[in-house]
Amino acid sequence: HSHTMSLFKAKDYWSTSLSASDEYDSCGITVAQLTTLDPVQPQIITGSFEGVLRLHLPSEEASPRDLLLEEDLGSPILSVKVGNFVPTNTSDPPTVGLAVLHPKRLVVYKVDNSTPTLSLNKCYEHQLGVHGKHFTAANMCSGGFGSDPSREQICVQSLDSRIQIFDLDVLSFTRRLPNALLPGPIVYHEKLDSFITFNSLLDVECYSFSVLASAQDTLDSDDEEDKLKNLKSPNHPSNTSVSASKKVQASWATNLGESIVEIKIGSLEGVSKDIVCLGTKCIFALNDLGSIKWSKFLGYDTIGFTLFDNPKNPGSDNIIVSGADGNLNVYRSQRLIWKAKLSDPNSFSIATFVNDFDCCKGMITTLSDDCRLSVSYLGTESEKEGQVVKEGKEINYDDVDEEHRKLLGIIRASQSDTRIEPREKIIMRTQVPKRLDEPDQVHTFDGGFEHLADSAVRMPCSDGSEGVLRITAKLFLTYTGTGALKDVTVTLNLPDSVMTKDTCIKIDKLKGGSATPMIIDIVFFANARVLPTVDTVGVTAMFFTASGEPRTGTTSIKLPLFFFCRLQPATKEPTFKFKLDTNKQPIMLAGLFDDMMDVLTDDERSAVDASGTANYVLTFRYWIADPNGVPYNATVLLSKTSGRYRVQSHHMPSLWFISSSLCSRLESYFLASEGPDSGLELTYNEPHLPLQDFYNCIDSHFISRQNHVHLLSLQNDCAHQFRTIQKRLLLRFKDRNAVPLNQLDVLLSETYHRLLEISSQVESAQWTIASTSNSLSCTTHLILLFIKLRYNLPPSSFAVLSSHLSPHISSTWEESTDLNMMTLLRTVLAKKNQDQTGNFNNNLVMQKDTNKLKKHISIVVDRIHKGASLCA
């Protein structure tokens, strides 16, 4: 094991070693008062996977007499529980018994202490599943199910996440929990009268006992053939009405994103009950509704935990977490208040309890991984490992002063607010050529990259064959540390309009110091199926230092405009247009877009700059075309008398990328010529914002989503019909007596072809969603630009608006954007007399239409127009 330094050790009060051949789980031990022996105090009950049950009564003077009972039950013991499980013959409530869970049965015992030696008397036994078949137990919990604390019942969970409820010696019902491939920890929440468990989706779920009790029974057949025969029976539940029964549904589910080791119910603040979940690295506290109250990253591998009463605040609980490093970590809510190592430094606790022994309160019972059972307390006996001082060694005061200065520097750095860049880092810079590469031939994409060739822009090669447009950027990496780095990973974050063969580049070794930078050639291809939205590619380099610390370095590659479009002779198709006013003298377009002019051939330049018109009008043709095969384009016109620019196109989304490039080039030009104080002002002075055109793009995207959902539903129904016909045909073929197929084979063939047809339509609908998402992204970018220029939004307000009206289109964009707009209207854009703390539905449920979304966007724009600030 790897160990971290702990100042204190847990001091043993009592300990014993169990059989070294035994193996235990955290559920195989409990501490409770099972007998009425003198002295009256809890006993420690352990059950091993080897089937040995032991009962210990700790005493101050450890002796063999502390082992009260040891019995081999002949079957692995998965869990032990003490509760009122033994029924009586009278109207008195049940008495205390010991429930022992085996893989195939549940047995309840009563300890007989009428003789000098204790003995186990079996009260009753349950065969799990159907006559002990088809059910292998995993764990169990107990409680007063149905809000009846006088009758303690037992819930057993199987390896396939079914549960059986036992009311004393009677089986109540069996249910199957959905969304659970493997069993998770399960506890009973008395206040909610519900079971809290964890499923394979990393969700903590709550199942009400009343819902489970009224749900439909689980079918348990002897084999698959019986199930198929039962499907034909008219009395089978699937062939009859089940409207009277309910499905098993969770009251709530919360995704924690981490596997959960153990769940317990307690009160961390003494006000209400909390659901405490211990993950592999974190601990979470949830309220009764499943909302996360807080979470804490622990920083070590966890094994288990327990809750115990806080002596300084009765009614609230503290937490003890046992880690794989052998430490017991005591927390008061989220704060670590004590840390102690077990007496054996090479072991860790797999189960921890806190109880009172011999009038000593707060004793800690632990069962370690080496089968050592101990009762200890948190003493203040410090670690005895110390520095050994060698006699006769002279002290070097210069070294002492140097170490002192280094420590002072570390202390000052930790207390300073300024961030100190690490010395060991990767510095990256990029270089992009001013011309495109010679086109790649299509056959170079063979071997797994054919999908890139299908979407890439085609251009003729020098030999006349068909090629693919490409550009090669150079990435220079320099490591400032000494030595060499191993296993450096460079990741590229590409926009939809840019493609490359490998987005993750592995570097085996990167030399540091004054070594020549490593150069990586990255080949980019333009996507001919989408409009460009941004022209930068994010680059992230990740590595680990010699001490194991993860580090990252980031940069970006700005691709040239001629990679995304081409100049063509001017066209006049002003279906959509807007004017951009500046307070500066006009800049000739041929000079402003000189990089685009430089890549033209002589014939192309003559066509673009006919009669010197390139200074005042330029038309940019994108690689993507409309459904009629006409390429999308955007035209920029310059006024000859004032600094006014007009951008126009027959397709509104096509305006965005050229408009963005125009604004950034104007800002860069005046920054270079006049400096930071140039005073350039860009304004949008159109009478109205083109919100209706924006709403049309939203509707197109929403309709494509609806069509996709409808097709998926048809596909699901058709697949279900296909499987049903297959089952019926299998039954016909299995029948010993030949039975006519009654055209079932024809129906199967027709259903199969129908399924292929719908699947093709689903694939086409996915392409439609991608296309409408791209158009919506461009239009959203454009609307944000108009709002920024029209209302002169500062960078902070524009960042808030962009994060709420996001141009990054997700699969639930309409729902999330509507929720974001309502959030703005309830917070920073709320009216003074309006309640800013009102609750609204935050569930992302697909609506019937987009009317509410468009209404909320209009209200947000209207309040910005009236001067409301987006920064509270």
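Fair warning: this is a prediction, and the values are worked out from it, not measured in the lab. (Residues numbered from 1 in each chain as written. Predicted model: local features only at pLDDT ≥ 70, side-chain atom pairs only at ≥ 80, totals over all residues. Heavy atoms only, no water.)

### Quick notes on the overall build of the protein chain
When you go through the protein chain residue by residue, the secondary structure sums to 13 helices and 45 strands. Expressed along its principal axes, the backbone C-alpha trace of the protein chain runs to roughly 120 × 105 × 65 Å. Going through the 872 residues of the protein chain one by one, you find that 44% of them count as buried. Across the protein chain, the fraction of contacts at a sequence separation of at least 24, relative to all contacts at a separation of at least 6, is 60%. Carbon and sulfur atoms form 51% of the exposed surface of the protein chain, whose accessible area is close to 45,700 Å². (Helix = DSSP H or I, 4+ residues; strand = E, 2+ residues; numbered from the N terminus. Buried < 20%, exposed > 50% of the residue type's maximum accessible area, 1.4 Å probe, protein only. Contact = heavy atoms within 4.5 Å. Areas by Shrake-Rupley, 256 points an atom, 1.4 Å probe, with all protein chains shown as cover.)

### Looking at the nonpolar core
Ranked by internal contacts, the top residues of the largest apolar core, which has 98 residues, are Ile426, Phe524, Phe620 and Phe694. Of the residues forming this core, the biggest block, 9 residues, is contributed by helix α10 (residues 744-790). Beyond its immediate stretch of four places on either side in the chain, phenylalanine 620 contacts Leu561, Cys565, Arg566, Leu567, Phe593, Met596, Tyr632, Asn633, Ala634, Val636 and Ile658. (Core = buried A, V, L, I, M, F, W, Y, C linked by side-chain atoms within 4.5 Å.)

### Things to note about the packing of aromatic side chains
One pass over the full model with this rule turns up 16 aromatic pairs. A centroid spacing of 5.7 Å and a plane angle of 40° characterise the contact between phenylalanine 145 and phenylalanine 209, whose relative ring orientation is tilted. Placement of phenylalanine 145 in the loop between β10 (137-143) and β11 (153-158) and of phenylalanine 209 in helix α1 (residues 209-214) is noted, with a sequence separation of 64 residues between them. Residue phenylalanine 209 is classed as buried on the basis of its relative accessible area of 12%. With centroids separated by 5.2 Å and ring planes inclined at 85°, the aromatic side chains of phenylalanine 563 and phenylalanine 564 adopt a geometry described as edge-to-face. The exposure classification of phenylalanine 563 matches that of phenylalanine 564, with both residues buried. (Phe/Tyr/Trp six-rings, centres within 6.5 Å; stacked < 30°, edge-to-face > 60°.)

### Considerations on the pairing of β11
For β11, the buried fraction is high: 6 of the 6 residues fall into the buried class. Residues Gln153, Cys155 and Gln157 point to one face of β11 and Ile154, Val156 and Ser158 to the other, with burial holding for every one of them. Pairing between β10 and β11: 6 bridges, direction antiparallel. Following the sheet pairing, serine 142 is matched in β11 by isoleucine 154. (Pairing = 2+ DSSP bridges.)

### Considerations on unusual backbone geometry
Positive phi values are uncommon outside glycine, yet aspartate 193 reaches one of about 50°. Looking at the secondary structure, you find aspartate 193 in the loop between β14 (186-189) and β15 (194-198). One non-glycine residue, cysteine 371, lies in the positive phi region at around 65°. When its relative accessible area of 6% is taken as the criterion, cysteine 371 is described as buried.

### What about the sheet that holds strand β18 (residues 260-266)?
Taken in spatial order, the 4 strands line up as β18-β19-β20-β21 in an open sheet, and their pairing is antiparallel. On the outer flanks of this sheet lie β18 and β21 (292-297), each paired with one strand and no other. Direction aside, the axes of adjacent strands within the sheet are offset by 15° on average. Here strand β19 (residues 274-279) runs beside strand β20 (residues 282-286); their pairing, made up of 4 bridges, is antiparallel. (Axes fitted to C-alpha atoms, helices over the stretch in contact; angles between N-to-C directions.)

### Observations regarding the environment of isoleucine 263
One can find isoleucine 263 in strand β18. Each C-alpha atom, one on isoleucine 263 and one on glutamine 648, is 62 Å from the other, the two residues being 385 residues apart in sequence.

### Section: the packing of helix α12 (residues 813-826) against helix α13 (residues 851-865)
In contact at an axis separation of 9 Å, α12 and α13 are set at 35° when each is read in the N-to-C sense. Both α12 and α13 take part in a crossing whose hand is left-handed. On the side of α12, the interface is formed by Trp813, Glu814, Thr817, Asp818, Met821, Met822, Leu824 and Leu825, while α13 contributes Lys852, Leu853, His856, Ile857, Ile859, Val860 and Arg863. Split into classes, the residues belonging to the contact of α12 with α13 amount to 9 nonpolar, 2 polar and 4 charged. (Left-handed = near helix turned anticlockwise from the far one by under 90°. Nonpolar A, V, L, I, M, F, W, Y, C, P; charged D, E, K, R; others polar.)

### Remarks on helix α8 (residues 655-674)
A rise of 1.5 Å per residue sets the reference length of α8, with its 20 residues, at 28 Å; its end C-alpha atoms lie 28 Å apart and thus fit the reference within 8%. Trailing α8 by a residue or two, glycine 675 shows a phi angle of about 85°, which is positive. (Expected span 1.5 Å × (residues − 1).)

### Focus on the pattern of salt bridges
Per the stated rule, a full pass over the model turns up 26 salt bridges. We note a salt bridge from glutamate 125 to arginine 105, for which the minimum N-O separation is 3.6 Å. Pair noted here: glutamate 125 is in strand β9 (residues 119-127) and arginine 105 is in strand β8 (residues 105-112), with a separation of 20 residues, a long-range link. With relative accessibility at 18%, the residue arginine 105 sits in the buried group. (Salt bridge = Lys/Arg side-chain N within 4 Å of Asp/Glu carboxyl O.)

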